[in-house]
Amino acid sequence: MAGGGGAAHGPKHGQVRQIFGGAAGNLVEWYDWYAYSAFALYFGPRFFPAGDSLAAALNSAGIFAIGFLMRPIGGWLLGLYADRHGRKAALTLSVAMMCAGSLLIAVAPTHDRVGLWAPAILLLARLVQGLSVGGEYGASATFMSEVAAPERRGFLASFQYVTLIGGQLLALALLVVMQGLLTEAQLSDWGWRVPFLVGALCAVLVFWLRRSLAETEQFAAVPDAEHRGLMKRLLAHPRELLTVLALTAGGSLAFYTFTTYMQKYLVLTAGWSKPQATNVSALALLCYAALQPVVGALSDRIGRRPLLITFGVLGTLLTVPALGALGRAGSSAEGFALMLAALTVLS
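Residues numbered from 1 in each chain as written. Predicted model: local features only at pLDDT ≥ 70, side-chain atom pairs only at ≥ 80, totals over all residues. Heavy atoms only, no water.

On to the packing of helix H3 (residues 87–107) against helix H9 (residues 193–210), then. The contact between H3 and H9 brings their axes to 8 Å, and the two run at 160°. Classed by the angle they form, the pair H3 and H9 counts as roughly antiparallel. Pair H3 / H9 crosses with left-handed handedness. Counting all contacts with H3, which are made through Lys88, Leu91, Thr92, Ser94, Val95, Ala96, Cys99, Ser102, Leu103, Ile105, Ala106 and Val107, the residues of H9 involved are Arg193, Phe196, Leu197, Ala200, Ala203, Val204, Val206, Phe207 and Arg210. Here the residues of the contact of H3 with H9 sort into 15 nonpolar, three polar and three charged. (Axes fitted to C-alpha atoms, helices over the stretch in contact; angles between N-to-C directions. Helix = DSSP H or I, 4+ residues; strand = E, 2+ residues; numbered from the N terminus. Parallel < 35°, antiparallel > 145°, perpendicular 65-115°, else oblique. Left-handed = near helix turned anticlockwise from the far one by under 90°. Contact = heavy atoms within 4.5 Å. Nonpolar A, V, L, I, M, F, W, Y, C, P; charged D, E, K, R; others polar.)

With that out of the way, let us pick up the packing of aromatic side chains. Aromatic ring pairs: the centre-centre distance and the angle between the two ring planes describe each pair. This model, assessed by the stated rule, comprises 15 aromatic pairs. Between Trp30 and Tyr34, the aromatic rings sit 5.8 Å apart at their centres with planes inclined by 35°, giving tilted as the arrangement. Of this pair, Trp30 and Tyr34 both sit in helix H1 (residues 11–43), four residues apart, which is roughly one turn of the helix. Both residues of the pair, Trp30 and Tyr34, count as buried. Pairing Phe43 with Trp192 gives two aromatic rings, centres 5.6 Å apart and planes at 45°, and the pair type is tilted. (Phe/Tyr/Trp six-rings, centres within 6.5 Å; stacked < 30°, edge-to-face > 60°. Buried < 20%, exposed > 50% of the residue type's maximum accessible area, 1.4 Å probe, protein only.)

With that settled, the discussion passes to a nonpolar patch on the surface. On the surface, Ile73, Trp76, Leu77, Leu80, Met231, Leu234 and Leu235 cluster together to form a nonpolar patch covering roughly 640 Å² of accessible area. Elements supplying a minimum of two residues to the nonpolar patch: helix H2 (53–85) and helix H11 (230–235). Looking at the nonpolar patch element by element, the count peaks at four residues for H2. Within the element layout of this structure, Leu77 appears in helix H2. Overall, the relative accessible area of 41% leaves Leu77 in the partly exposed class. (Patch = residues over 30% accessible without salt bridge, like charges linked within 9 Å, V, L, I, M, F, W, Y side chains within 5 Å. Areas by Shrake-Rupley, 256 points an atom, 1.4 Å probe, with all protein chains shown as cover. Salt bridge = Lys/Arg side-chain N within 4 Å of Asp/Glu carboxyl O.)

Here the focus is the environment of Leu164. Here Leu164 lies in helix H7 (residues 159–181). In this structure Leu164 comes out as buried when scored by relative accessible area, which is 1%. Taking C-alpha positions, Leu164 is 15 Å from Leu91, a pair spaced 73 residues apart along the chain.

Below, the structure written as structure tokens:
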């Protein structure tokens, strides 16, 4: 394996370069993942039999959900790969898989051309992307945490979420631009292919960038024998394992509810127009991204535990009332305020 991590390149310059390399790939990975959700209202009907638009939206959302089933598998497989072959190797492999999944969607034939093969191809692409983003999440979190200095770990590791949100913002921004340039018919006909092609091309660039990263010192310092029997060692700490699973499940559910799903919820439940829902979602996400380094730096000062407890209590008490109020939101300002409040709790 290559020699040390960020410190090998000198103090701050090397650390910033390493963080940038991990974050850039994370940005592209999550852009590709969210492009599906952002454009699903347009391409969903093209992959399923003609009929009810709500049924098409639910079918495309179902395939999106199935992709999530592959994420823990991807996290496990690429996590093992990262422990055997290094964080750099796992990060490079994950972005290559995402490129393949996005390219497959970009060129996939529609239902009117190949029938039921169309949703099958779409499903295959999402399974590959699910494996990829599952592996990316764990590998990039590990890489960025190992590169960061202990006293700034919360702040620097928060950029994983900044780029995660940034990927969703890029997908939404491209949607806003294309909604302005193309008609709804053009978006539904061929425009939806553009974001997936863009994602595949960006993934190629990141693949090249990540090949120049240095391995982290923590990985290089661990003997090969320590990379075996990891599952047995993990299961030896059931309380800690269940705690992390519960925290991650709660945070992930809240995140996808108030980000990915919210665009569709505002259109189908609150009765907003697609551009209105897109614009408000993008603005709320921009504010949410800006909150991440602030809360990350706060965790370096007061600890992780108080912030996690705050999220758990407020998230439990306020999620259902917030969703109910959003379903009745009649104006952009009201919807934005409610979304930002929920995302602040999530931060």
